Amino acid sequence: MSSTLESPAPFNHPSKHTSGLSVLRLADAGEASKRVAREIGSLIRHRAAEHRNCVLGLATGSTPIRVYRELVRMHREEGLSFHNVVTFNLDEYFPIKPDAAQSYVRFMNEHLFDHIDIVRANVHIPKGTIELEAVPGYCRDYDELIASTGGIDLQLLGIGRTGHIGFNEPGATKDTRTRLVKLDNLTRLDAVKDFGGMEHVPLLAITMGVDSILQSRRIRLLAFGEHKADIVQRAIEGRMTSTIPASFLQTHRDVQYLLDDAAAECLSQSTYGETV
Ligand code: GLP
């Protein structure tokens, strides 16, 4: 049975009944992460049974770590194979070497890829080492590669305190594609803990665009903790605006927010309906 069928019907936002946005409020981050991991696992198996690839859009940051942990457990204990999986990561700092402690290549290897049977050639993470002049062409190729694999089946997302998805910072419009961007100051401040000082945090990043993200067939956004409550509320209940790029998800036909109690705190009760 697919996990979509197992899930209780999520509550759809009444004022957005024409969109596919739904919000689940879960007991805690562990429950939310397991639910998404189960959905990913059943999607991979479904596709494998049809001899087809499963294309996943992956995210970094502290939020998805438990999803990756659960996927690794499913690989080890339940025989979940990633042989038919193709992945595209959302973003990467620029410039950065792949073996730098803060690189997203290293993050993904440590949390997921080193522990599963994925074919390395199927892993795609924006390169932090390309020459500046080559970046626009590289970014076009990244979007084209996603399209040529058939598009992303499920995109995992976190949300930054600026309202960013990937590194689409305030100002990013709905039609943006993969490109080089300037990081917002708040995002750089949040990254100080990883880089050990503001002066070491990169100013730039390569990110999939808002439009690149919206092309995904399903989007699952995880947000945990009270520091996300305000931006989650504005992204879901506020008007769509490039000041909060995550608000553009309101137009998507299958986007689900999975929140813990703290992150859901500022939402009106009618937005998430019953707690799962
Ligand atoms: C980084 C990533 C985003 C992520 C955000 C939130 O900025 N590029 O994709 O959503 O961090 O991080 P955290 O999950 O640690 O709150």
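So, how was this worked out
- Residues numbered from 1 in each chain as written.
- Predicted model: local features only at pLDDT ≥ 70, side-chain atom pairs only at ≥ 80, totals over all residues.
- Heavy atoms only, no water.
- Helix = DSSP H or I, 4+ residues; strand = E, 2+ residues; numbered from the N terminus.
- Buried < 20%, exposed > 50% of the residue type's maximum accessible area, 1.4 Å probe, protein only.
- Near = heavy atom within 4 Å.
- Polar contact = N/O pair within 3.5 Å; in protein donor to acceptor, adjacent residues only side chain to side chain.
- Areas by Shrake-Rupley, 256 points an atom, 1.4 Å probe, with all protein chains shown as cover.
- Nonpolar A, V, L, I, M, F, W, Y, C, P; charged D, E, K, R; others polar.
- Core = buried A, V, L, I, M, F, W, Y, C linked by side-chain atoms within 4.5 Å.
- Contact = heavy atoms within 4.5 Å.
- Axes fitted to C-alpha atoms, helices over the stretch in contact; angles between N-to-C directions.
- Parallel < 35°, antiparallel > 145°, perpendicular 65-115°, else oblique.

Asks: Which residues make up the environment of Arg 76, and what values go with them?
Replies: Of note, Arg 76 is situated in helix 3 (residues 65-78). With relative accessibility at 60%, the residue Arg 76 sits in the exposed group. With 40 residues separating them along the chain, Arg 76 and Ile 116 place their C-alpha atoms 8.1 Å apart.

Asks: An account of the site of the ligand is requested, with residue identities and associated values reported.
Replies: Neighbouring the ligand are Thr 60, Gly 61, Ser 62, Thr 63, Asp 91, Tyr 104, Gly 158, Ile 159, His 164, Gly 166, Phe 167 and Lys 228. At 2.4 Å from an oxygen atom of the ligand is found a side-chain nitrogen or oxygen belonging to Thr 63. Here a nitrogen atom of the ligand and a side-chain polar atom of Tyr 104 are 3.4 Å apart. Burial of the ligand by the surrounding chains reaches 87%, relative to a free accessible area of 390 Å². Tallied by class, the residues present in the shell around the ligand amount to three nonpolar, seven polar and two charged.

Asks: Go over the nonpolar core with me, naming the residues and quoting the values.
Replies: In this structure, Leu 249, Tyr 257 and Leu 259 are the most contacted members of the largest nonpolar core, which totals 42 residues. Residue assignment for this core shows that the elements contributing at least two residues are strand 2 (21-25), strand 4 (85-89), helix 5 (135-148), helix 8 (210-214), strand 10 (218-223), helix 9 (229-237) and strand 11 (255-259). Among the elements that take part in this core, helix 5 stands out by supplying five residues, more than any other. Beyond its immediate stretch of four places on either side in the chain, Leu 249 contacts Leu 21, Leu 157, Ile 165, Ile 213, Leu 214, Ile 219, Leu 221, Val 255 and Tyr 257. In terms of nonpolar packing, the next biggest core, distinct from the first, is built from 34 residues, Leu 26, Val 36, Met 108 and Leu 112 among them.

Asks: Residue-level account of the packing of helix 3 against helix 4 (residues 104-111), with values.
Replies: With their axes 9 Å apart at the nearest point, helix 3 and helix 4 run at an angle of 40° to one another. As far as their axial angle goes, helix 4 and helix 3 are oblique. Contacts between helix 3 and helix 4 involve Ile 65, Tyr 68 and Val 72 on the former and, on the latter, Phe 107, Met 108 and His 111. Here the contact of helix 3 with helix 4 is built from residues that sort into five nonpolar, one polar and no charged.

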